[in-house]
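Results of the structural survey
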Amino acid sequence: MTKETLTITDNRTGQTYEVPVAHDTINAMDLRQIKVNEGDFGMMSYDPGFKNTASTKSTITFIDGGKGILRYRGYPIEQLAEKSNFIETAYLTMFGELPTQAQYDEWEHDIRHHTFVHENIKQLMEAFRYDAHPMSMFISTVAALSTYYPEARNIDDPQARMKQVIRLIGKVPTIAAFSYRHTRGLPYVYPNNDLGYTENFLYMLDKMGQTDYEVNAVLARALDVLFMLHIDHEQNCGTATMRVIGSSHSDPYSSMAGAAAALFGPLHGGANEAVLRMLTEIGDVKNVPEFMEGVKNRERLLMGFGHRVYKNFDPRAKIIKNIADEVFEVTGRNPLLDIALELERIALEDDFFVQRNLYPNVDFYSGIIYQAMGFPVAMFPVLFAIPRTVGWLAQWQELLADKTQKIARPRQIFLGEDTRDFVAMADR
Ligand code: CMC
């Protein structure tokens, strides 16, 4: 009979240890008993970037990177992208089941009626420099929200928690739209609560003086699908940050500001911005081979390629490629698409990329779509942060409900100086 244990022999001492295995995982604390002598601290595992460390049990998102599978609460992303909408998928992500009609209506109504921000928040945003990066404005404003809702610190009260969840999901499109209008020097447009989530966002971005302004339905649906694809992606850098900050029992606004800050980096949510800059720099299909040589010589990265988890293909990239065609029918074809297609064609055939399992990720095409829709590149991480708000908050709720969780506090391998006596300035 097979045993659900792992036997470890320490060749330094000849001692053998048997540790339990559950879900193909050992508990890292079980390593601590492995010691050379009694005074020894005990064995740790070294894992920079947490490449092989599970920090939580979760029931939200499943990814099989080898097979290119992404599911929220068991539902394949392809089915959700085809049959659901952002608000419904947000409910699913948050609560674990698809909503009944009554649950959907209440959820949608609550979010729709929490879209306005305090006038002082608007003034706070107006105070940013004229050329402030919209993502920096977004991060700072989300943090500032905590000053308006001090009850948010009551993280042990499920009702108070849900109130902040609704507020954050409702308000992030407004903050995002205000940050966009700010960079354009345009007056902020208040939410229109007659409109659905994504329509309202497009309305706040685009509306000028027209009295008969109508949101383009194809673009609204395309953005809604893009939002669905970005809701959650299990323990990525931003989500892990949400959990790390949340583990100290910070309020959700402060935790989410940290998560959004993590998302801002070019190796994470800033990647589609980096893709667009890369494509613009390449400038022409004829320059692609030379650029690829530079990548292979390790002078630079091919942005929008590679993923920590997906080592086959990113299922979100496939869906996005189809959306691109629908969007380009409305907006006209983005000329950068040809450069992207050529980069993809070469990369998928080239040994350097094949051997390293490097495939287009979600960011490779999303930027091209966003640009065709008229978004400046600086808005791309903000467009990622709006839907990811749902994932962050679902993960935060899960964290707080999990009584086995502790404040995040990694260990280190100390390789610095041993103790030494202070040397006076004159003697150095
Ligand atoms: N271009 C060229 N080489 C690459 C790339 C790339 N985009 N990505 C990875 N490699 C190489 C890397 O140099 C390494 O080669 P070697 O083994 O010879 O040293 C090998 O492939 C493995 O890469 P890694 O850096 O160990 O992989 P990782 O899991 O640590 O990094 C990644 C994942 C996404 C940070 C990385 O692929 C990358 O920097 N990609 C470009 C940025 C990007 O598109 N990021 C968006 C990620 S998807 C959105 C999100 O979820 O946030």
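Residues numbered from 1 in each chain as written. Predicted model: local features only at pLDDT ≥ 70, side-chain atom pairs only at ≥ 80, totals over all residues. Heavy atoms only, no water.

Some remarks on the overall build of the chain
Helix and strand content of the chain: 17 helices and 6 strands. Over its C-alpha trace the chain gives a radius of gyration of 24 Å, about what one expects of a compact globule, namely 22 Å for 428 residues. Projected onto the principal axes, the alpha-carbon positions of the chain cover approximately 80 × 70 × 55 Å. Relative to its 428 residues, the chain shows a buried fraction of 49%. Intrachain contacts of the chain at a sequence separation of at least 6 include 70% that bridge at least 24 residues. Of the accessible surface of the chain, which amounts to about 22,000 Å², a share of 52% is contributed by carbon and sulfur atoms. If the 43 positive side-chain charges of the chain are averaged to one point and the 55 negative ones to another, these points end up 4 Å apart. (Helix = DSSP H or I, 4+ residues; strand = E, 2+ residues; numbered from the N terminus. Rg over C-alpha atoms; globule rule 2.2 N^0.38 Å. Buried < 20%, exposed > 50% of the residue type's maximum accessible area, 1.4 Å probe, protein only. Contact = heavy atoms within 4.5 Å. Areas by Shrake-Rupley, 256 points an atom, 1.4 Å probe, with all protein chains shown as cover. Lys, Arg positive; Asp, Glu negative; His and termini not counted. Charge placed at Lys NZ, Arg CZ, Asp CG, Glu CD.)

Some details on the domain arrangement of the chain
The domain architecture assigned to the chain consists of domain 1 (73–269 + 375–401) and domain 2 (284–317 + 324–372). On a C-alpha basis, the centres of domain 1 and domain 2 stand 27 Å from each other. Contact with domain 1, which involves 19 residues of that partner, is made by 17 residues of domain 2. Contact between domain 1 and domain 2 buries roughly 1,500 Å² in total, counting both sides, with carbon and sulfur atoms accounting for 69%. Three residues, L226, H233 and F380, lead the burial of domain 1 against domain 2; their summed loss comes to 29% of the area buried on that side. (Domains from an automatic or database assignment. Buried area = accessible area lost by both parts, 1.4 Å probe.)

Description of the sheet that holds strand 2 (residues 15–22)
A sheet is described by the order of its strands in space; here 3 strands give the open sequence 1-2-3, paired in antiparallel fashion. Across the chains shown, the open sheet's two edge strands, defined by having one partner strand only, are strand 1 (5–10) and strand 3 (25–26). Two elements, strand 2 and strand 3, share 2 bridges in a ladder whose sense is antiparallel. Residue pairing for strand 3: A22 is matched across the bridge by T25. (Pairing = 2+ DSSP bridges.)

Examining unusual backbone geometry
The phi dihedral of H23 falls on the positive side, at around 55°, and the residue is not glycine. Checked against the element boundaries, H23 lands in the loop between strand 2 and strand 3.

Here we look at the site of the ligand
In the neighbourhood of the ligand, 21 residues make up the surrounding shell, with H268, R298, L302, G304 and R308 lying closest. Calculation on the ligand without its partners gives an accessible area of 930 Å², and the protein chains cover 76% of this total. In terms of residue class, the shell around the ligand is made up of 10 nonpolar, 5 polar and 6 charged. (Near = heavy atom within 4 Å. Nonpolar A, V, L, I, M, F, W, Y, C, P; charged D, E, K, R; others polar.)

Observations regarding the packing of helix 11 (residues 271–282) against helix 14 (residues 336–349)
At their nearest, the axes of helix 11 and helix 14 sit 10 Å apart, and the two run at 95° to each other. With respect to each other, helix 11 and helix 14 are oriented roughly perpendicular. On helix 14, the residues that touch L276, M278, L279, T280 and I282 of helix 11 are L336, I339, A340 and L343. Its residues placed into classes, the contact of helix 11 with helix 14 shows 8 nonpolar, 1 polar and no charged. (Axes fitted to C-alpha atoms, helices over the stretch in contact; angles between N-to-C directions. Parallel < 35°, antiparallel > 145°, perpendicular 65-115°, else oblique.)

As for the nonpolar core
One broad trend across soluble globular proteins is that nonpolar side chains are buried collectively. Of all hydrophobic cores here, the largest spans 120 residues; its most connected members are F138, F201, L343 and F375. In terms of residue count, the dominant contributor to this core is helix 17 (residues 380–401) (13 residues). Two domains each put at least three residues into this core: domain 1 (73–269 + 375–401) and domain 2 (284–317 + 324–372). Those residues in contact with F201 that sit more than four places away from it in its chain are P173, A176, A177, L223, F227, F375, M379, L383 and I386. Judged by nonpolar contacts, the second largest core, of 5 residues, contains I8, V19, L31 and I34. (Core = buried A, V, L, I, M, F, W, Y, C linked by side-chain atoms within 4.5 Å.)

Considerations on the sheet that holds strand 5 (residues 69–72)
Strands in a sheet are paired, the pairing made by backbone hydrogen bonds, and the direction either parallel or antiparallel. Strand order in the open sheet made by the 3 strands is 4-5-6, with antiparallel pairing throughout. Looking at strand neighbours, the two that pair on one side only are strand 4 (61–64) and strand 6 (75–76), the edges of this open sheet. Summarising the sheet, strand 5 and strand 6 pair through 2 bridges and their orientation is antiparallel. Considered in strand 6, the bridge of R71 is made with P76.

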